[in-house]
Amino acid sequence: KIYETMKPKEAAAVFEGLDKDVLMAVIGRMRESKLAPIFGAMTPQKAAEITALRAQRSNLPTLPQ
């Protein structure tokens, strides 16, 4: 709930520096409607990295690069 109530830009700055496992645990408990603006405020590289990790952990098929 802490990150859901923060401004997306502020939460994104924190997310950028978190360990991947910690970040995945945090975003796994957040609503997608609250995550979307945070992802939008992240660097494209970090947002892509986290999206790939989420897909991998959800057993979704990997897209070709």
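Cut-off values and rules
Residues numbered from 1 in each chain as written. Predicted model: local features only at pLDDT ≥ 70, side-chain atom pairs only at ≥ 80, totals over all residues. Heavy atoms only, no water. Helix = DSSP H or I, 4+ residues; strand = E, 2+ residues; numbered from the N terminus. Rg over C-alpha atoms; globule rule 2.2 N^0.38 Å. Buried < 20%, exposed > 50% of the residue type's maximum accessible area, 1.4 Å probe, protein only. Phe/Tyr/Trp six-rings, centres within 6.5 Å; stacked < 30°, edge-to-face > 60°.

1. Things to note about the overall build of the protein chain
Part 1: Looking only at helices and strands, the protein chain features 5 helices and 0 strands.
Part 2: What you see in the protein chain, going N to C, is helices and strands ordered as α-α-α-α-α.
Part 3: Its C-alpha atoms give the protein chain a radius of gyration of 12 Å, within 12% of the compact-globule value 11 Å for 65 residues.
Part 4: Based on the C-alpha atoms only, the size of the protein chain along its principal axes is roughly 35 × 20 × 20 Å.
Part 5: The buried share of the protein chain, reckoned over its 65 residues, is 25%.

2. A look at the packing of aromatic side chains
Part 1: Enumeration according to the criterion identifies 1 aromatic pair in this entry.
Part 2: Aromatic pair Tyr3 and Phe15: ring centres 5.0 Å apart, planes at 65°, arrangement edge-to-face. In this pair, Tyr3 is assigned in helix 1 (residues 2-5) and Phe15 in helix 2 (residues 8-17), connecting sequence segments 12 residues apart.
Part 3: The class of Tyr3 is partly exposed, set by a relative accessible area of 22%.
Part 4: The exposure class of Phe15 is buried, given its relative accessible area of 0%.

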